[in-house]
Amino acid sequence: APSGRSAALRARMEERLLAARFRYINQQLYTSTSQEAVQLFQSDPEAFEIYHRGFAQQVGRWPENPVHRIVRYLRRRSASLVVADFGCGDCKIARSVRNKVHSFDLVPLSPLVTVCDMAKVPLAAESVDVAVFCLALMGTNLQEILEEANRVLKQGGTLMVAEVASRFEDIRAFMNAMGQLGFKSVSK
Ligand code: SAH
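Within each chain, residues carry numbers counting from 1 in the order of the written sequence. Totals for whole chains, interfaces and linings use every residue, but because this is a predicted model, local features are given only for residues with pLDDT of at least 70 and side-chain atom pairs only at 80 or more, for both listing and counting. Neither water nor hydrogens contribute to the side-chain values; these are computed over all heavy atoms in the structure.

S.K.: Go over the packing of aromatic side chains, please, and point to the residues and values.
M.R.: For this analysis, a ring pair means two rings from Phe, Tyr or Trp (six-membered ring only for Trp) whose centres lie within 6.5 Å, classed as stacked if their planes differ by under 30 degrees, edge-to-face if by over 60, and tilted for the remaining angles. Going through the model one piece at a time under the given rule, you end up with 8 aromatic pairs. Geometrically, the ring pair formed by phenylalanine 86 and phenylalanine 133 is stacked, given 4.6 Å between the ring centres and 20° between the ring planes. Of this pair, phenylalanine 86 sits in strand E1 (residues 83-86) while phenylalanine 133 sits in strand E4 (residues 128-134), placing them 47 residues apart in sequence. Summary of the burial criterion: residues with accessible area below 20% of their type's maximum are buried, those above 50% are exposed, and those between are partly exposed, where the area comes from a 1.4 Å probe applied to protein chains only. Judged by relative accessible area, which is 0%, phenylalanine 133 ranks as buried. Judged by centre distance (4.8 Å) and plane angle (65°), the rings of phenylalanine 168 and phenylalanine 174 are edge-to-face. For phenylalanine 174, a relative accessible area of 15% corresponds to the buried category. Connected via pairs of aromatic rings, a cluster forms that spans Phe22, Phe41, Phe48, Tyr51 and Phe55. We call a charge positioned above a ring when the Lys NZ or Arg CZ atom is no farther than 6 Å from the ring centre and deviates by at most 35 degrees from the ring normal. The side chain of arginine 167 reaches across the aromatic face of tyrosine 30, ending 3.6 Å from its centre. Only DSSP runs of H or I reaching four residues or more are called helices, and only runs of E reaching two or more are called strands; each is numbered from the N terminus.

Next comes the structure, spelled out in structure tokens:
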């Protein structure tokens, strides 16, 4: 029926519009400092809602969501390890493991979130065993953000980064810079 066709067309156009708005906000997040990201979501709360719906739509199309791999990894290790999830989104990690998980994001998508800029999290130095950035290593002040992860990690703790390969201009330079911050690559 024509009405069914136009409803389907409308749904398809809305999905494309959402994807475009997601890409636009995503690009803004990857090209501004984390402090500017705080401003963005504070001044436009709708942007956050659109971003998250678009994010879920995009990741849903991938063959694997990296957050699931991180959950599998944590389940293989001791549940006594303390985890910090930087840019936690809807807290999939905290909801999927028995560990103590500190979940940080700019806006609370879940009551489990501690709202803060991930460049400055309310945790004591050397208080966590595993720090996670799952599709969340976004600010241009990367060094500051990674130094913050380093500050809260215990000696010998684990940093896990999942990021889209095309986000790296030069993966070797990134690995070298990580080395200078005190991280040793264990697996890639
Ligand atoms: N890690 C989650 C969500 C990834 S989306 C998952 O894999 O499902 C990226 C998340 O990082 C978003 O929720 C966004 O709000 C958050 N984010 C971006 N910049 C941030 C910042 N400066 N401080 C805290 N969270 C930030």
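S.K.: Outline unusual backbone geometry, supporting the account with residue identities and numerical values.
M.R.: Backbone geometry at cysteine 91 places phi at a positive 65°, although glycine is not the residue there. Structurally, cysteine 91 is set in the loop between E1 and helix H5 (92-96). Accessibility expressed as a relative area gives 0% for cysteine 91, which makes it buried. Unlike most non-glycine residues, glutamate 126 shows phi in positive territory, near 50°. Note on placement: glutamate 126 falls in the loop between strand E3 (113-115) and E4. Residue glutamate 126 is classed as partly exposed on the basis of its relative accessible area of 47%.

S.K.: Quick one: what's the story with the nonpolar core, residue by residue and with numbers?
M.R.: We call a set of buried residues a nonpolar core when its members are Ala, Val, Leu, Ile, Met, Phe, Trp, Tyr or Cys and they connect through side-chain atoms within 4.5 Å of each other. By size, the foremost hydrophobic cluster in this structure holds 23 residues, and its most contacted members are Phe86, Phe133, Leu146 and Leu159. For this core, the elements supplying multiple residues, two or more each, are E1, E4, helix H6 (142-152), strand E5 (153-162) and helix H7 (171-180). Here the element with the most residues in this core is H6; it accounts for 4 residues. What phenylalanine 133 contacts, discounting residues up to four positions off in sequence, is Phe86, Met118, Ile145, Leu146, Ala149, Leu159, Met160, Val161 and Ala162. Counting 20 residues, the second-largest nonpolar core is a separate cluster that includes Val67, Ile70, Ala94 and Ala162. Note on contacts: a residue pair is in contact if any heavy atoms of the two residues lie within 4.5 Å.

S.K.: Please give an account of the sheet that holds E1 that cites residues and values.
M.R.: An order of E3-E2-E1-E4-E5 is seen for the 5 strands of this open sheet, with the pairing classed as parallel. Of all the strands in the sheet, just E3 and E5 have a single pairing partner and so form its edges. On average, each strand axis in the sheet is inclined to that of its neighbour by 25°, with strand direction left out of account. Alignment of E1 against E4, held across 4 bridges, turns out to be parallel. The residue of E4 that forms the bridge with alanine 84 is alanine 131. Whether two strands pair depends on DSSP finding at least two bridges between them. Note on definitions: angles span 0 to 180 degrees between N-to-C directions of axes, and those axes are lines fitted to C-alpha atoms, for helices only across the stretch in contact.

S.K.: With reference to specific residues and values, describe the site of the ligand.
M.R.: Nearness here has a simple test: a residue counts as near a molecule or strand if at least one of its heavy atoms is within 4 Å of that partner. Within the structure, the ligand sits among 18 residues, and His52, Gly87, Asp105, Met118 and Cys134 are positioned closest to it. Under this definition, polar contacts are N or O atom pairs within 3.5 Å; protein pairs additionally need one hydrogen-donor-capable and one acceptor-capable atom, and for neighbouring residues in sequence, both atoms have to be side-chain atoms. For the ligand, a nitrogen atom lies 3.0 Å from a polar atom in the side chain of aspartate 117. Computed by Shrake-Rupley with a 1.4 Å probe, the accessible areas treat only the displayed protein chains as cover when residues are assessed. In isolation the ligand exposes 570 Å². Once the protein is present, 99% of that is buried. Contributions of two or more residues to the shell around the ligand are made by helix H2 (34-43) and helix H3 (45-60). Take the shell around the ligand: its biggest share by element is 4 residues, from H3. Classes in brief: Ala, Val, Leu, Ile, Met, Phe, Trp, Tyr, Cys and Pro nonpolar; Asp, Glu, Lys and Arg charged; the others, Gly included, polar. Grouping the constituent residues of the shell around the ligand by class yields 12 nonpolar, 4 polar and 2 charged. Each of domain 1 (2-60) and domain 2 (66-181) gives at least three residues to the shell around the ligand. A domain assignment, automatic or from a database, supplies the domain bounds used here.

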